[in-house]
Amino acid sequence: MAVRGRIIIFTTIITGFVSFVGTNVDDTFVLAIWFSQVDSLLRTKDIVLGQFLGFEFLVLVSVLAAYSLSFIPTDKVGWLGVVPIFLGIKRWLQYRLQPRRDPEEDEVKRTISREKDDRPKEKWVTKLIRPQVLGVSLVTISNGAGNLTVYIPLFTRYTVPELIVTVIIFTLMTAAWCYLGFRIANFPVIKKRLNQYKHVLIPVIFIVLGIYILVDSGII
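Residues numbered from 1 in each chain as written. Predicted model: local features only at pLDDT ≥ 70, side-chain atom pairs only at ≥ 80, totals over all residues. Heavy atoms only, no water.

Undergrad: Would you mind going over the packing of aromatic side chains in detail, with residue names and values included?
TA: The description of two aromatic rings rests on the distance between their centres and on the angle between their planes. Applying the stated rule across the entire model yields 9 aromatic pairs. Centroid distance phenylalanine 35 to phenylalanine 182: 5.5 Å. Interplanar angle 90 degrees. Geometry classified as edge-to-face. In this pair, phenylalanine 35 is assigned in helix H1 (residues 2–35) and phenylalanine 182 in helix H8 (residues 160–185), connecting sequence segments 147 residues apart. Under the relative-accessibility criterion, phenylalanine 182 is labelled partly exposed at 30%. Among the aromatic residues, those joined into a cluster by ring pairs are Phe20, Phe55, Tyr151, Phe155, Phe170 and Trp177. (Phe/Tyr/Trp six-rings, centres within 6.5 Å; stacked < 30°, edge-to-face > 60°. Helix = DSSP H or I, 4+ residues; strand = E, 2+ residues; numbered from the N terminus. Buried < 20%, exposed > 50% of the residue type's maximum accessible area, 1.4 Å probe, protein only.)

Given below as structure tokens:
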């Protein structure tokens, strides 16, 4: 019986790993785009926290739906594809309308931002609801809307221990994905190209991603 239990747990771990990788391959690229935009406003921890919040939300919806407790119309999640489109247009307008900034000025702003973050009077709740965190989490949710079609049937046939193991695997893989996206964004050749063409690439990538989500989810 113990051997059978270990086999079940091992199978669950492998299934969780394969399910995560198979449904989130494109997320490494999206995360790399996010990390390439880190500045005085968007911080690395905003991206990591937003990614965790967004993905764990998808897992929660999948669990609730698997047990027929979901109050969220999962077929409408694809509408969140308008979020990356909005962010892409916003970023394009910022690049077009804002004057070109000096790199040294950006570094000074980042230093000031870090000093503000170290102030004890700032509450953790304020950090949690930062617009940047919300933006990353919404893009994560919209980009992962299609994952629900895999996770819900998978969770439906799982026992509680198997479900817990899978959620742990998904959480660990989310951390690994954040690290991988960070490393890709800081790979010398990629970082150089992104910095060189980000004024065009980032808005276009977000807009195309949003359109893809809307089409893939059947919204349009």
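From this point, the discussion proceeds with the structure in view.
Undergrad: Which residues make up the nonpolar core, and what values go with them?
TA: Counting 37 residues, the largest nonpolar core has Trp34, Ile47, Phe55, Val139, Phe155 and Phe170 as the members making the most contacts within it. Mapped onto this core, the elements with two or more residues apiece are H1, helix H2 (44–66), helix H3 (82–97), helix H6 (131–143), helix H7 (148–156), H8 and helix H9 (188–216). Residue contacts for phenylalanine 55: discarding those within four places in its chain leaves Phe20, Asn24, Thr140, Asn147, Tyr151, Phe170 and Thr174. (Core = buried A, V, L, I, M, F, W, Y, C linked by side-chain atoms within 4.5 Å. Contact = heavy atoms within 4.5 Å.)

Undergrad: Talk me through a nonpolar patch on the surface; I want residue IDs and the actual numbers.
TA: Residues Ile9, Phe10, Ile13, Ile14, Phe17 and Val18 make up a contiguous nonpolar surface patch of roughly 530 Å² in combined accessible area. Mapped onto the secondary structure, phenylalanine 17 falls in helix H1. Looking at phenylalanine 17, the relative accessible area reads 42%, which means it is partly exposed. (Patch = residues over 30% accessible without salt bridge, like charges linked within 9 Å, V, L, I, M, F, W, Y side chains within 5 Å. Areas by Shrake-Rupley, 256 points an atom, 1.4 Å probe, with all protein chains shown as cover. Salt bridge = Lys/Arg side-chain N within 4 Å of Asp/Glu carboxyl O.)

Undergrad: Got a sec to walk through the side chain of asparagine 143? Specific residues and values, please.
TA: With respect to the secondary-structure elements, asparagine 143 resides in helix H6. The class of asparagine 143 is buried, set by a relative accessible area of 11%. Here aspartate 27 takes part through its side chain, which lies 2.7 Å from a polar atom of the side chain of asparagine 143. Discounting chain neighbours no more than four positions away, the residues touching asparagine 143 are Asp26, Asp27, Val30, Leu209 and Ile213. (Polar contact = N/O pair within 3.5 Å; in protein donor to acceptor, adjacent residues only side chain to side chain.)

Undergrad: Before we move on, can you summarise the confidence of the model for the protein with the specific residues and values?
TA: Per-residue confidence for the protein gives a mean pLDDT of 78, with 77% of residues at or over 70. Taken element by element, the predicted model of the protein shows its lowest mean pLDDT in helix H5 (residues 124–128) (50) and its highest in H8 (93). This stretch, residues 118–122, has a pLDDT under 50; its non-local contacts, to residues over four places away or in other chains, come to 3 contacts. (pLDDT = per-residue confidence, 0-100.)

Undergrad: Just give me the short version of the side chain of threonine 28, but keep the residues and values in it.
TA: Checked against the element boundaries, threonine 28 lands in helix H1. Judged by its relative accessible area of 12%, threonine 28 falls in the buried class. For threonine 28, the side chain forms a polar contact with the main-chain oxygen of valine 25, separated by 2.8 Å. If we ignore the near neighbours within four places in the chain, the residues touching threonine 28 are Trp177, Leu180, Gly181 and Ile184.

Undergrad: So what about the packing of H2 against H8? Which residues, and what values?
TA: As a packed pair, H2 and H8 sit with axes 10 Å apart at the nearest point and diverge in direction by 155 degrees. By the angle between their axes, H2 is roughly antiparallel relative to H8. Crossing geometry of H2 relative to H8 is assigned as right-handed. Where H2 abuts H8, its residues Val48, Gln51, Phe52, Phe55, Glu56, Val59 and Val63 lie against Leu163, Val167, Phe170, Thr171, Thr174, Ala175 and Cys178. (Axes fitted to C-alpha atoms, helices over the stretch in contact; angles between N-to-C directions. Parallel < 35°, antiparallel > 145°, perpendicular 65-115°, else oblique. Left-handed = near helix turned anticlockwise from the far one by under 90°.)

Undergrad: How would you explain H3 if you had to name every residue and give the values?
TA: With 16 residues, H3 should cover 22 Å at 1.5 Å per step; its first-to-last C-alpha distance of 22 Å lies within 8% of that length. Residues of H3 that are buried: Val83, Pro84, Ile85, Leu87, Gly88 and Arg91. (Expected span 1.5 Å × (residues − 1).)

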